[in-house]
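Descriptive structure summary
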Amino acid sequence: YTPLSSDQYSLVKSTWDQVSHNEVDILYAIFKAYPDIQAKFPQFNGKDLDSVKGTPDFALHATRIVSFIGELVTLTSSEANAPAVQSTVEAFAVRHHNRGVTKDQFNEFRTAFFSYISSHSTWGDNAAAAWNQAIDNIYGIAFTKL
Ligand code: HEM
């Protein structure tokens, strides 16, 4: 676990703020790139992505994911929050493990998320490095439970 420098934190925060209102688009991009992730959701499994995109269920789950990422972004602002990050992410990973979600799928999510944020925010090598560090930190905790 390598804490972000304050410059890295600022980059994560400012790029996140540029996409955090695109909840539905983010979830859509993830499902579009990786239908196996969509298939793990009983409410979306086997359904046409473009037809579920506009539903309240889709908006609800998109909001949950974006809120959780936002919570993690906020928590990573201070090293004092490291214990809270640890316990929050462990519990999140256990719930996902119990749903049959795999590390490979977490890596797919990472690829799709990265592709989305890098093409919808002011991006550069420094932002990429900051996000990679942030995700490495979170996944380092999550992968102990998946
Ligand atoms: C990578 C593959 C993933 C799969 C297949 C997956 C699947 C699921 C499923 C089936 C649910 C239950 C939905 C419901 O009951 O309506 C869920 C809940 C949730 N997912 Fe994921 N998920 C994945 C990754 C992630 C990631 C990377 C995040 C956030 C960074 C995330 C955030 C959440 C949140 C916040 C919830 C609701 C709270 C909870 O139960 O943990 N998921 N996920």
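For clarity, every value in this text was computed on a predicted model and none was experimentally measured.

The end-to-end C-alpha distance of helix α7 (residues 103-119), which contains 17 residues, comes to 24 Å, matching closely the 24 Å that a straight helix rising 1.5 Å per residue would cover. What α7 keeps buried is the set Q105, F106, E108, R110, A112, F113, F114, Y116 and I117. Contacts from the buried residues of α7 go to α1 (6-19), α2 (23-33), α3 (35-38), α5 (56-75), α6 (82-98) and α8 (125-142).

Okay, the side chain of T76 next. Looking at the element boundaries, T76 is found in the loop between α5 and α6. At 2.8 Å, the side chain of T76 forms a polar contact with the backbone oxygen of V73. Beyond its immediate sequence surroundings of up to four residues, T76 is in contact with Y1 and Y9.

A separate point is the coordination of the iron atom of the ligand. For the iron atom of the ligand, the sole protein-derived donor is H96 (NE2), lying 2.1 Å away. Relative to the helices and strands, H96 resides in helix α6.

Moving on to the site of the ligand. Of all residues adjacent to the ligand, which total 17 residues, the nearest are Q43, R95, H96, R99 and Q105. One of the side-chain nitrogen or oxygen atoms of Q43 is found 2.8 Å away from an oxygen atom of the ligand. The contact in question runs from a nitrogen atom of the ligand to an N or O atom on the side chain of H96, over 2.9 Å. If you list the elements that add at least two residues to the shell around the ligand, you get α5, α6 and α7. Here the element with the most residues in the shell around the ligand is α5; it accounts for 5 residues. Grouping the constituent residues of the shell around the ligand by class yields 9 nonpolar, 4 polar and 4 charged.

Moving on, we come to the nonpolar core. W16, F31, F58, V89, F113 and W131 are the most contacted members of the largest nonpolar core, which has 46 residues in total. If you list the elements that add at least two residues to this core, you get α1, α2, α4 (49-52), α5, α6, α7 and α8. In contact with F58, other than residues within four places in its own chain, are V24, L27, Y28, F31, F44, L49, V52 and K53.

Moving on: the packing of aromatic side chains. One pass over the full model with this rule turns up 14 aromatic pairs. For the ring pair F106 and F143, a centre distance of 6.4 Å and an interplane angle of 70° mean the geometry is edge-to-face. Taken together, the positions of F106 in helix α7 and F143 in the segment after α8 put the pair 37 residues apart, joining distant regions of the chain. When its relative accessible area of 23% is taken as the criterion, F143 is described as partly exposed. In this arrangement the basic side chain of K53 is found over the ring face of Y28, its NZ or CZ atom lying 4.5 Å from the centre. Directly above the aromatic system of Y139 lies the positively charged group of R110, at a separation of 5.8 Å from the ring centroid.

Cut-offs applied
- Residues numbered from 1 in each chain as written.
- Predicted model: local features only at pLDDT ≥ 70, side-chain atom pairs only at ≥ 80, totals over all residues.
- Heavy atoms only, no water.
- Helix = DSSP H or I, 4+ residues; strand = E, 2+ residues; numbered from the N terminus.
- Expected span 1.5 Å × (residues − 1).
- Buried < 20%, exposed > 50% of the residue type's maximum accessible area, 1.4 Å probe, protein only.
- Contact = heavy atoms within 4.5 Å.
- Polar contact = N/O pair within 3.5 Å; in protein donor to acceptor, adjacent residues only side chain to side chain.
- Donors = N, O, S within 2.8 Å, 3.2 Å for Na, K, Ca; no water.
- Near = heavy atom within 4 Å.
- Nonpolar A, V, L, I, M, F, W, Y, C, P; charged D, E, K, R; others polar.
- Core = buried A, V, L, I, M, F, W, Y, C linked by side-chain atoms within 4.5 Å.
- Phe/Tyr/Trp six-rings, centres within 6.5 Å; stacked < 30°, edge-to-face > 60°.
- Lys NZ or Arg CZ within 6 Å of the ring centre and 35° of its normal.

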